[in-house]
Amino acid sequence: MSSAVGAKTVQEEIYQGARILEAAGIAYGMRDARRLMTAALGVNTDRLTLHLRDDLPEAARRLFHEFCERRVQREPVSRILGGRLFYGRWFKNNPHVLDPRPETEILVELALLRDFETFLDIGTGSGCIAITLLAERRQATALASDISGEALTIAKENAVSHAASTRACFVISDWFASIEGHFDLIVSNPPYIHPDEIPDLEPEVRKGDPLIALTDHVDGLTGYREIARGAQNHLSENGRVLVEIGSMQGQQVQNLFEQAGFVDCAIHQDLDGRDRVVEAFAQKT
Ligand code: GLN
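Read on for an overview of the structure. (Residues numbered from 1 in each chain as written. Predicted model: local features only at pLDDT ≥ 70, side-chain atom pairs only at ≥ 80, totals over all residues. Heavy atoms only, no water.)

1. Describing the side chain of Thr124
Right, on to step 1. Relative to the helices and strands, Thr124 resides in the loop between β3 (118-122) and α6 (128-136).
Right, on to step 2. The contacts of Thr124, once residues within four sequence positions are left out, are Ala130, Ala144, Ser145, Asp146, Leu152 and Ala155. (Helix = DSSP H or I, 4+ residues; strand = E, 2+ residues; numbered from the N terminus. Contact = heavy atoms within 4.5 Å.)

2. Thoughts on the pattern of salt bridges
Right, on to step 1. For the structure shown, the criterion picks out 21 salt bridges.
Right, on to step 2. Between Asp99 and Arg84 there is a salt bridge, with its nearest N and O atoms 2.9 Å apart. Here the residue Asp99 occupies a position in the loop between β2 (89-92) and α5 (105-112), and Arg84 occupies one in strand β1 (residues 83-86), the gap between them amounting to 15 residues.
Right, on to step 3. With relative accessibility at 6%, the residue Asp99 sits in the buried group. (Salt bridge = Lys/Arg side-chain N within 4 Å of Asp/Glu carboxyl O. Buried < 20%, exposed > 50% of the residue type's maximum accessible area, 1.4 Å probe, protein only.)

3. So, the packing of aromatic side chains
Right, on to step 1. Scanning the model with the defined rule gives 3 aromatic pairs in all.
Right, on to step 2. Here the aromatic rings of Phe116 and Phe119 are separated by 5.5 Å at their centres, their planes lie at 85°, and the arrangement is edge-to-face.
Right, on to step 3. Exposure remark for Phe116: the relative accessible area of 8% places this residue in the buried category.
Right, on to step 4. On the basis of an interplanar angle of 80° and a centroid distance of 5.1 Å, the ring pair of Phe257 and Phe262 is categorised as edge-to-face. The two residues Phe257 and Phe262 agree in class, both being buried. (Phe/Tyr/Trp six-rings, centres within 6.5 Å; stacked < 30°, edge-to-face > 60°.)

4. Quick look at the packing of α5 against α6
Right, on to step 1. Viewed as axis vectors pointing N to C, α5 and α6 meet at an angle of 40°, and their least axial separation amounts to 10 Å. Here α6 runs oblique to α5, going by the angle between their axes. Along this stretch, α5 crosses α6, giving a crossing that reads as right-handed. Note on element contacts: α6 touches α5 through Ile129, Thr132, Leu133 and Glu136, opposite Leu107, Val108, Ala111 and Leu112.
Right, on to step 2. Residues of the contact of α5 with α6, tallied by class, amount to 6 nonpolar, 1 polar and 1 charged. (Axes fitted to C-alpha atoms, helices over the stretch in contact; angles between N-to-C directions. Parallel < 35°, antiparallel > 145°, perpendicular 65-115°, else oblique. Left-handed = near helix turned anticlockwise from the far one by under 90°. Nonpolar A, V, L, I, M, F, W, Y, C, P; charged D, E, K, R; others polar.)

Read these as layout, nothing more, since geometry by itself doesn't imply function.
Okay, here's the thing in structure tokens:
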């Protein structure tokens, strides 16, 4: 970005930043410019308005320009800021974990509709699902697994930030390989994108999210096969499974769970009306 002649106000810088982002093809340039400005200034989003008429200090100006430049290169805002809000709480993230998505909040909502005390989160990533459930259910305890040790490092930090670390255990596991115990609920947002679709993903996703969190390199269904196969041995009586799915996978995933002997399987939609979660119950004994 070219440097400004003379100091500009925060508002002027935001407008200029938004124009540059939009010219680079970023859809929500103004929204992103505002968020990047709050980070450059070190203020809360709800305080930004109070600073709009101030001259932007030089250090913050440089930082804001650097952030805008990174955004032009299609780095997601959450990566630039080092975290994002999920279900109203701030989750740190980095290139080792999937950037939490708002669609995943629907899985949390569904989990909270019923009672549970113990739960397992397979492929926890940033820990956003497990830690949110622990924060919402103060009596619950969790086992959170991931195949990536780097992911677990971030998840543990997030658990500490949300005072959930004493009720969470973290374990490196390839699906159920190192999982022991029984749980009232098993949740997962596995890598479900078909490898053929990876080249068509938005640059933010391709560049921002680790491939291991996006695809199984097979057909996008490996996680569901593993969970349908392994979950029965780790669920309490009347235990429940909730898995996030790609919007076109509902029927296939429901079939996998039904074939594995689960009952009362249901497909739930996200706020955009797209299939997003499959729910299944352990066979009553
Ligand atoms: N929801 C992510 C996306 O569509 C994919 C996450 C996943 O594979 N679990 O970009």
